[in-house]
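Okay, here's what each chain looks like letter by letter:
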Amino acid sequence: MPGADGRVAGAVAPVIAVLSPPGILPDCATCRGQGYLIVKAGEQARAQRCSCVPMMCPACDNVGWVPNDPANPRSPRRPCDCRSLSARMARFDDAKIPGRHAKTLGGWVATSPEQVATRMHLDGLVQEWTPNGENRGVVFHGPVGRGKTHLLCGLLRELVFSRGVTARFVEFSHLLADLKQGFSSGEGSGALITELAEVDVLGIDELGKGHGTDFEGTVIDEIISRRYNAERTILATTNFPPGDAIGVKVGNLMLDERHQPRLADRVGDRVYSRLVETCAFVLVTGEDHRRKNEKQGRTA
Ligand SMILES: [Zn+2]
Ligand SMILES: [Zn+2]
């Protein structure tokens, strides 16, 4: 939930501030020099221009272009950072990140050496991001409540604002529902699948969740195959452990942990091997955030 100032709880300054929109206050208490805030609009998180950003851009007078060399007004022109800020805010909105997950990487507090290593890995991924390059993805796995979705959304947000990527968040079961609705309304699923296949970075939450139907298998296979062929980055979270398929599609409480399905059982060998090839698998451990919050709620 956003606070009185419109911020989503847990929001802190991003790791890298590549953009410096002209005229903003670097020490603005509201946006911390970023020029934007993240607010909740309905279920979704949206970017909002901070009031410290001047209506008239002092660098380009709202024309949108500035000389490449500020000392030489006749030098070739480049887009002004004010324009990039607007574009990135629009891209953040297009990513459709849920309001309750619109957190920053910095808001995920690393408390163990493994978590510090995870954080460094993600910061490195943002810093080394190359437009049109072969950028590796991440599959966050591990028990529920450890902040996998937080990391996924924080990474999407960071990539949008510091690297200007186009991004899209989908929760796997919601995606399936949307596709089914598209079929039943006669609109089909082509436009949505194409959007998910072509965005720079796709973040899939709860990969492998569902009923394991042929329909689900076909959907995930098409999205991952198209992204794999185009060398586009995939981010995902899953509650299922990595490892080769063991032939168990559905968890059975009567069986021990060794007989619980692996991610490969849920998404199929082909999708799994493509994820292994293009993504780092990051185990997210630590205290259960949801239980911790409940505990704090009880003692407050
Ligand atoms: Zn501000
Ligand atoms: Zn400008």
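Residues numbered from 1 in each chain as written. Chains lettered and ligands numbered in written order. Predicted model: local features only at pLDDT ≥ 70, side-chain atom pairs only at ≥ 80, totals over all residues. Heavy atoms only, no water.

The next subject is the coordination of the zinc ion (ligand 1). Looking at the metal site, the zinc ion (ligand 1) is ligated by Cys28 (SG), Cys31 (SG), Cys50 (SG) and Cys52 (SG), spaced 2.3 Å from it. Sequence positions of the donors to the zinc ion (ligand 1) reduce to the motif C-x2-C-x18-C-x1-C. For the pair Cys28 and Cys31, one class covers both residues: buried. (Donors = N, O, S within 2.8 Å, 3.2 Å for Na, K, Ca; no water. Buried < 20%, exposed > 50% of the residue type's maximum accessible area, 1.4 Å probe, protein only.)

Here the focus is the sheet that holds strand S8 (residues 233-238). Here we have five strands laid out as an open sheet, ordered S6-S7-S8-S5-S9, and parallel in their pairing. Where the open sheet ends on each side, the last strands, each with one partner, are strand S6 (167-171) and strand S9 (279-283). On average, each strand axis in the sheet is tilted by 15 degrees relative to the strand beside it, whichever way the strands run. Sheet topology note: the S6/strand S7 (residues 201-205) ladder contains five bridges and is parallel. Pairing of Ala167 across the sheet is with Val201, part of S7. Strands in contact with helix H3 (residues 148-163) are strand S5 (137-141), S6, S7 and S8; relative to S8, the strand with the most contacts, it is inclined by about 160 degrees. (Pairing = 2+ DSSP bridges. Helix = DSSP H or I, 4+ residues; strand = E, 2+ residues; numbered from the N terminus. Axes fitted to C-alpha atoms, helices over the stretch in contact; angles between N-to-C directions. Contact = heavy atoms within 4.5 Å.)

Okay, the coordination of the zinc ion (ligand 2) next. Within the first shell, the zinc ion (ligand 2) binds the protein through Cys57 (SG), Cys60 (SG), Cys80 (SG) and Cys82 (SG), at distances of 2.2 to 2.3 Å. Given four donor atoms and angles of 105 to 116 degrees at the metal, the environment of the zinc ion (ligand 2) is assigned as tetrahedral. Positions of the donor residues of the zinc ion (ligand 2) along the chain correspond to the pattern C-x2-C-x19-C-x1-C. Note that Cys57 is positioned in the loop between strand S2 (44-49) and strand S3 (65-67) and Cys80 in the loop between strand S4 (77-79) and helix H1 (81-94), a separation of 23 residues in sequence. (Tetrahedral: all angles 85-135°; square planar, octahedral: opposite > 155°, others 65-115°.)

Further remarks concern helix H8 (residues 269-278). Buried within H8 we find Val271, Tyr272, Arg274 and Leu275. End-on view of H8: buried residues confined to an arc of 160 degrees, all on one side of the axis. The inward-facing, buried residues of H8 abut S5, helix H6 (214-229), S8, helix H7 (263-267) and S9. (Arc of directions from axis to C-beta.)

On average, residues of the chain score 84 in pLDDT, and 86% of them reach the 70 mark or higher. Every residue in residues 1-17 is under pLDDT 50, and counting partners more than four places away or in other chains gives 43 contacts. (pLDDT = per-residue confidence, 0-100.)

Moving on: the nonpolar core. Counting residues in each nonpolar core, the largest one holds 33 residues, and the members touching the most others are Phe92, Phe140 and Leu155. For this core, the secondary structure elements donating two or more residues are strand S1 (36-41), S2, H1, helix H2 (113-127), S5, H3 and S6. Of all the elements, H3 adds the most residues to this core, at eight residues. Two domains share this core, each providing at least three of its residues, namely domain 1 (1-94) and domain 2 (103-292). Counting residues in each nonpolar core, the second largest holds 27 residues, with Val139, Ile193, Leu196 and Leu207 among its members. (Core = buried A, V, L, I, M, F, W, Y, C linked by side-chain atoms within 4.5 Å. Domains from an automatic or database assignment.)

Attention shifts here to the packing of aromatic side chains. A full pass over the atoms with the stated rule returns three aromatic pairs. Judged by centre distance (6.0 Å) and plane angle (70 degrees), the rings of Tyr272 and Phe281 are edge-to-face. For Tyr272, a relative accessible area of 10% translates into the label buried. Aromatic rings pair up to connect Tyr36, Phe92 and Phe161 into one cluster. (Phe/Tyr/Trp six-rings, centres within 6.5 Å; stacked < 30°, edge-to-face > 60°.)

Moving on to the side chain of Thr237. Topologically, Thr237 is positioned in strand S8. Under the relative-accessibility criterion, Thr237 is labelled buried at 2%. In terms of polar contacts, Thr237 uses its side chain to reach the backbone amide nitrogen of Glu206, at 2.8 Å. When near neighbours in sequence (up to four residues on either side) are disregarded, Thr237 contacts Phe140, Lys148, Thr149, Leu152, Ile204, Asp205, Glu206 and Leu207. (Polar contact = N/O pair within 3.5 Å; in protein donor to acceptor, adjacent residues only side chain to side chain.)

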